[in-house]
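Observations on the model geometry
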Amino acid sequence: MYLSNYHSHCTFCDGRSYPEDFVKYAISKGIQSYGFSSHAPLPFDTFWTMKHDDVDEYFQEIARLKEKYSDQIEIYCGLETDYLNEDHHAAIDYFDELPTDYLISSIHYIIHPENGKMMCVDGPYSEFEEAANKLFDGKIDDVIRAFFIQSKKMVEKSGFQIVGHVDKIYMNGGKYPGFYDHQELIDELMEDLLQAILRKKLILEINTKSVLSQQMTFPNQRYFTRILELNIPITINCDSHYPHHVLQGKAEALELLKSLGLTHTMELKKGTWEEHKL
Ligand SMILES: [Zn+2]
Ligand SMILES: [Zn+2]
């Protein structure tokens with residue numbers, strides 16, 4: 001089993017430990033490739049994104065660790081970026097000019113199609129519920145549509161390698177009354193999004209952050225068979241915020257995917273993404 005994780009956070013954003021703690025833990029677990037993907041700065045301040053002023057130090061610190069532990073592990077320095085609108089996404093010059101090894105792009109905010117107001121979909125449920133009621137008049141199907149419109153724009157714009165937690169709307173949306181009445185709509189929008197990911201030749205991450213706590217993966221396991229059928233390249237990421245979570249849920253997700261016919265994963269080896277045969 002090739003042990004890797006390319007989705008991880010540390011004290012440069014909302015991760016709970018220093019980068020070196022993650023590296024030491026990853027080495028102790030036999031991880032071969034480990035990537036940091038701190039939340040990239042947004043045009044506004046949040047508690048969970050990296051500060052613009054810390055970006056240089058982030059790249060310097062990961063470069064130091066890369067060098068220091070080079071005989072034990074391959075360390076990579078990426079970012080998790082957001083698609084907000086046509087002015088802020090992974091393909092802007094700002095990210096192009098940074099010395100990243102790869103980019104993950106994820107949706108944390110959706111935009112109301114008419115009033116243009118922004119809603120966070122990845123925070124605490126109470127905030128999600130309040131925003132869905134206030135901005136979307138409690139129409140959860142409109143929240144779902146807005147989420148997938150935003151995701152599709154992100155994929156079409158591209159400029160990154162990995163699609164992060166592709167259907168995160170299940171996390172908070174799934175707790176909102178009536179969400180599952182729209183399962184057919186969600187499945188249709190998801191199919192359309194998977195087709196776009198395939199066309200753009202992006203890697204789809206299987207995000208295992210919530211496997212143990214909530215028995216959830218992103219994408220939802222109901223799409224695994226279809227993803228394998230389409231032959232979309234995948235990598236299994238743990239979205240770790242604590243050092244002891246660097247492999248959380250990975251073995252469980254890999255077993256399930258293998259039982260459904262997964263034959264290879266995408267892995268970063270010596271700086272290049274390649275197919276790793278299982
Ligand atoms: Zn994220
Ligand atoms: Zn993340």
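Structural notes, computed from the coordinates. If you're wondering where the values come from, they're calculated on a predicted model, not measured in any experiment.

Let us now look at the coordination of the zinc ion (ligand 1). Protein-derived coordination of the zinc ion (ligand 1) comes from Glu80 (OE), His108 (NE2) and His165 (NE2), at a distance range of 2.1 to 2.2 Å. Between consecutive donors of the zinc ion (ligand 1), the numbers of intervening residues give the motif E-x27-H-x56-H.

The next point concerns the coordination of the zinc ion (ligand 2). Looking at the metal site, the zinc ion (ligand 2) is ligated by His7 (NE2), His9 (NE2), Glu80 (OE) and Asp239 (OD), spaced 2.1 to 2.5 Å from it. Here the zinc ion (ligand 2) is ringed by four donor atoms whose angles at the metal span 77 to 163 degrees, and the overall shape comes out irregular. Separation of the zinc ion (ligand 2) from the zinc ion (ligand 1) amounts to 3.4 Å, with Glu80 serving as a shared donor to the pair. Note that His7 is positioned in the loop between strand S1 (4–5) and helix H1 (19–28) and Glu80 in strand S3 (residues 74–82), a separation of 73 residues in sequence. By relative accessible area, which is 0% here, His7 ends up buried.

Looking now at the pattern of salt bridges. According to the stated counting rule, one finds 15 salt bridges in the structure shown. Its salt-bridge partner being Arg145, residue Asp141 comes within 3.2 Å of it at the nearest N-O pair. A residue pair is termed a helical-turn pair when its members lie 3 or 4 positions apart in one helix, as Asp141 and Arg145 do in helix H5 (residues 140–157) at four residues. Exposure remark for Arg145: the relative accessible area of 35% places this residue in the partly exposed category. Sharing partners across several salt bridges, the network here consists of Glu20, Glu61, Arg64 and Lys68.

Moving on: the side chain of Ser33. In this structure, Ser33 sits in strand S2 (residues 33–39). On the accessibility criterion, Ser33 (0% relative accessible area) is buried.

What follows covers empty space enclosed by the protein. Counting across every chain of the model gives one cavity of 30 Å³ or more. Taken together, Met1, Tyr2, Ile236, Lys250, Leu254, Thr265, Glu267, His276 and Leu278 form the lining of the largest cavity. Listing elements by their share of the lining of the largest cavity, those giving two or more residues are helix H10 (250–259) and strand S10 (264–269). Residue composition of the lining of the largest cavity, by class: five nonpolar, two polar and two charged.

On to the sheet that holds S3, then. One open sheet holds the seven strands; their spatial order is S1-S2-S3-S4-S7-S8-S9, and the pairing between them is parallel. Of all the strands in the sheet, the pair left with one neighbour each is S1 and strand S9 (234–237). Where H1 meets the sheet, it contacts S2 and S3, and its direction lies at approximately 155 degrees from that of S2.

Note that Arg199 resides in helix H7 (residues 183–199). Look at Arg199 and you get exposed, because its relative accessible area is 52%. In this structure the C-alpha to C-alpha distance between Arg199 and Ile232, which are 33 residues apart in sequence, comes to 9.5 Å. Discounting residues that sit within four places of it in the chain, Arg199 has contacts with Lys152 and Glu156.

Turning our attention to the packing of H5 against H7. Where H5 meets H7, the closest approach of the two axes is 10 Å, and the angle between their N-to-C directions is 5 degrees. With respect to H7, the element H5 is oriented roughly parallel. Where H5 approaches H7, its residues Asp141, Ile144, Arg145, Phe148, Ser151, Lys152, Val155 and Glu156 are matched on the opposing element by Leu185, Ile186, Leu189, Met190, Asp192, Leu193, Ala196, Ile197 and Arg199. Grouping the constituent residues of the contact of H5 with H7 by class yields ten nonpolar, one polar and six charged.

Considered for burial, the residues of helix H4 (residues 125–135) that qualify are Tyr125, Phe128, Ala131, Ala132 and Leu135. Along the axis of H4, the buried positions cluster into a sector of 130 degrees, meaning they face one direction only.

Moving on: the layout of surface pockets. Roughly 680 Å³ of volume is contained in the largest pocket. Partitioned by chemical class, the residues of the lining of the largest pocket number seven nonpolar, 13 polar and eight charged.

Here is what the cut-offs are and how they apply
Residues numbered from 1 in each chain as written. Chains lettered and ligands numbered in written order. Predicted model: local features only at pLDDT ≥ 70, side-chain atom pairs only at ≥ 80, totals over all residues. Heavy atoms only, no water. Donors = N, O, S within 2.8 Å, 3.2 Å for Na, K, Ca; no water. Tetrahedral: all angles 85-135°; square planar, octahedral: opposite > 155°, others 65-115°. Helix = DSSP H or I, 4+ residues; strand = E, 2+ residues; numbered from the N terminus. Buried < 20%, exposed > 50% of the residue type's maximum accessible area, 1.4 Å probe, protein only. Salt bridge = Lys/Arg side-chain N within 4 Å of Asp/Glu carboxyl O. 1 Å grid on protein atoms, 1.4 Å probe; cavity = no way out; pocket = protein on both sides within 12 Å on 5 of 7 lines; lining within 4 Å. Points joined across faces, edges and corners; volume = space filled by probe spheres on them. Nonpolar A, V, L, I, M, F, W, Y, C, P; charged D, E, K, R; others polar. Pairing = 2+ DSSP bridges. Contact = heavy atoms within 4.5 Å. Axes fitted to C-alpha atoms, helices over the stretch in contact; angles between N-to-C directions. Parallel < 35°, antiparallel > 145°, perpendicular 65-115°, else oblique. Arc of directions from axis to C-beta.

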